[in-house]
Amino acid sequence: EISGEQIASIGSQDMTDAVWIKLARRVNQVLADPAIHGVVVTHGTDTMEETGYFLNLVTKSDKPVVLVGSMRPATAVSADGPMNILNAAAVAADPDARGRGVLVVLNDVIHYARETTKTNTTSLQTFASPNRGPAGLVLFGKPRWFSKPAWRHTAGSVFAGAIPDALPRVDIVYAHANAGAEHVKASLAAGAKGLVLAGVGDGNGTEALVGALAQAAKNGIVVVRSSRTNSGAVARNVEIDDDKLGFVAGQELNPQKARVLLQLALTRTKDPKAVQQLFDEY
Ligand code: ASP
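Predicted model, so just to flag it, every value in this text is computed and none were measured.

Here is what the cut-offs are and how they apply
- All residue numbers here refer to positions counted from 1 along the written sequence of the relevant chain.
- Only residues with pLDDT of 70 or above have their local features reported here, since the model is predicted, and side-chain atom pairs are shown and tallied only from 80 upward, although totals for entire chains, interfaces and linings are computed over all residues.
- Side-chain metrics rest on all non-hydrogen atoms present in the structure, leaving aside hydrogens and water.
- Near is defined per residue: the residue qualifies when any heavy atom it owns lies within 4 Å of the molecule or strand.
- Any pair of N or O atoms that falls within 3.5 Å is considered a polar contact. Within protein, one atom must be able to donate a hydrogen and the other to accept it, and sequence-neighbouring residues count only if both atoms are side-chain atoms.
- The Shrake-Rupley method, run with a 1.4 Å probe sphere, supplies the accessible areas, and residue values consider only the shown protein chains as cover.
- Three categories are distinguished: nonpolar for Ala, Val, Leu, Ile, Met, Phe, Trp, Tyr, Cys and Pro, charged for Asp, Glu, Lys and Arg, and polar for the others, with Gly belonging to the last.
- Elements are defined by DSSP. Helices are runs of H or I of four residues or more, strands are runs of E of two residues or more, and each kind is numbered from the N terminus.
- Two residues form a contact once any of their heavy atoms are found within 4.5 Å.
- Put simply, a nonpolar core is a bunch of buried Ala, Val, Leu, Ile, Met, Phe, Trp, Tyr and Cys residues held in one set by side-chain atoms that sit within 4.5 Å of each other.
- We call a residue buried when its accessible area falls under 20% of the maximum for its residue type, exposed when it is over 50%, and partly exposed in between, using a 1.4 Å probe and counting protein chains only.
- Note on definitions: salt bridges are taken to be side-chain nitrogens of Lys or Arg within 4 Å of carboxyl oxygens of Asp or Glu.

**Q** What is the right way to read the site of the ligand from this model?
**A** Taken together, the residues surrounding the ligand are Gly 11, Ser 12, Gln 13, Gly 44, Thr 45, Asp 46 and Ser 70. One of the side-chain N or O atoms of Asp 46 is found 2.7 Å from a nitrogen atom in the ligand. Residue Ser 70 places a main-chain N or O atom 3.3 Å away from an oxygen atom belonging to the ligand. The fraction of the free accessible surface of the ligand (260 Å²) that becomes covered by protein chains is 67%. For the shell around the ligand, the class distribution of residues is no nonpolar, six polar and one charged.

Here it is in structure tokens:
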């Protein structure tokens, strides 16, 4: 039996912390009902990976939570929405989907929300899980699973159920050739409590940019290094001396997901060592 309700009527481009908080609380409330087997969340694909990762950190249940969207509108020739929704419901109903954390289903592929990212502007095959591969396939409503999730999530997360009323501001600073300190300064002036570097290569940047971030870290702002390359890991002290500069290494999280974890981390601690531990585990 399937029932539905609307939490927000906005596109991905308008997704806010407030909607995340409302959605997460509702998901937790619904899943606490013993009669409910799982939840499917329909969502625009643009920021689906961020919402999915947020829910992966705060959902207090082992029951399946599946995000689904479509790349073509319902009016298009070969619209993909109906099959995606059927597949998402089948995954949410599958007993083997339990305990896997939040999932994303599109175009016959099941992804872990933590691993997946939108990689193409318009293609049906836009979601990929570049580091660890997909969680499985769902073919005509029948899931088949490939792998277990590698990181802490949902019922096993320290954030599970403890959903704050608001999240601290965390900005992403995008690195590029000749980048200066201006965007770091602007973020700090706007009240950012944390900064994520979408670094070149292995989480790097120009001297001016890295210098401004080091200064911010000295002043108590938590700075996480991630990469704009879209795959791989940013590990501690490889290209940059994180110990000396007080940075956190973002591991396998892309910048937009590192931002989500840092927002939640900052609700508990401002200590870069404690934040690093969260990035090592989640
Ligand atoms: N721009 C849309 C959104 O993410 C695209 C989609 O619905 O997939 O809201």
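After presenting the structure, the write-up continues.
**Q** I tried to follow the environment of Phe 279 on my own but got confused; where do I start?
**A** Here Phe 279 lies in helix α8 (residues 272-281). Linking Phe 279 and Gly 250, residues 29 residues apart in sequence, is a C-alpha distance of 6.1 Å. Setting aside chain neighbours within four positions, we find Phe 279 in contact with Trp 151, Val 224, Val 248, Ala 249, Gly 250, Gln 251, Leu 253, Ala 258, Leu 261 and Leu 262.

**Q** Hey, could you run me through the nonpolar core in this one?
**A** A general tendency of soluble globular proteins is for nonpolar side chains to be buried together. By size, the foremost hydrophobic cluster in this structure holds 43 residues, and its most contacted members are Phe 54, Leu 57, Val 58, Leu 67, Leu 261, Leu 262 and Phe 279. Looking at this core, the elements that each hand over two or more residues are α1 (17-31), β1 (39-42), α2 (48-58), β2 (65-68), β3 (102-106), β11 (222-227), α7 (255-265) and α8. By residue number, the principal contributor to this core is α1, which donates seven residues. Excluding its chain neighbours within four sequence positions, the residues that come into contact with Leu 57 are Ser 157, Phe 159, Ala 160, Val 260, Leu 261, Leu 264 and Tyr 282. If you look at the next biggest cluster of nonpolar residues, it comprises 19 residues, including Ile 221, Val 223, Ile 240 and Phe 247.

**Q** Hey, could you run me through the pattern of salt bridges in this one?
**A** Side-chain pairs of opposite charge can arise where the charged atoms are in close proximity. This model, assessed by the stated rule, comprises nine salt bridges. Between Asp 46 and Lys 118 there is a salt bridge, with its nearest N and O atoms 2.7 Å apart. Of the two residues, Asp 46 is situated in the loop between β1 and α2 and Lys 118 in strand β5 (residues 117-118); the sequence distance between them amounts to 72 residues. Linking Glu 115 and Arg 114 is a salt bridge whose minimum nitrogen-to-oxygen distance equals 3.3 Å.

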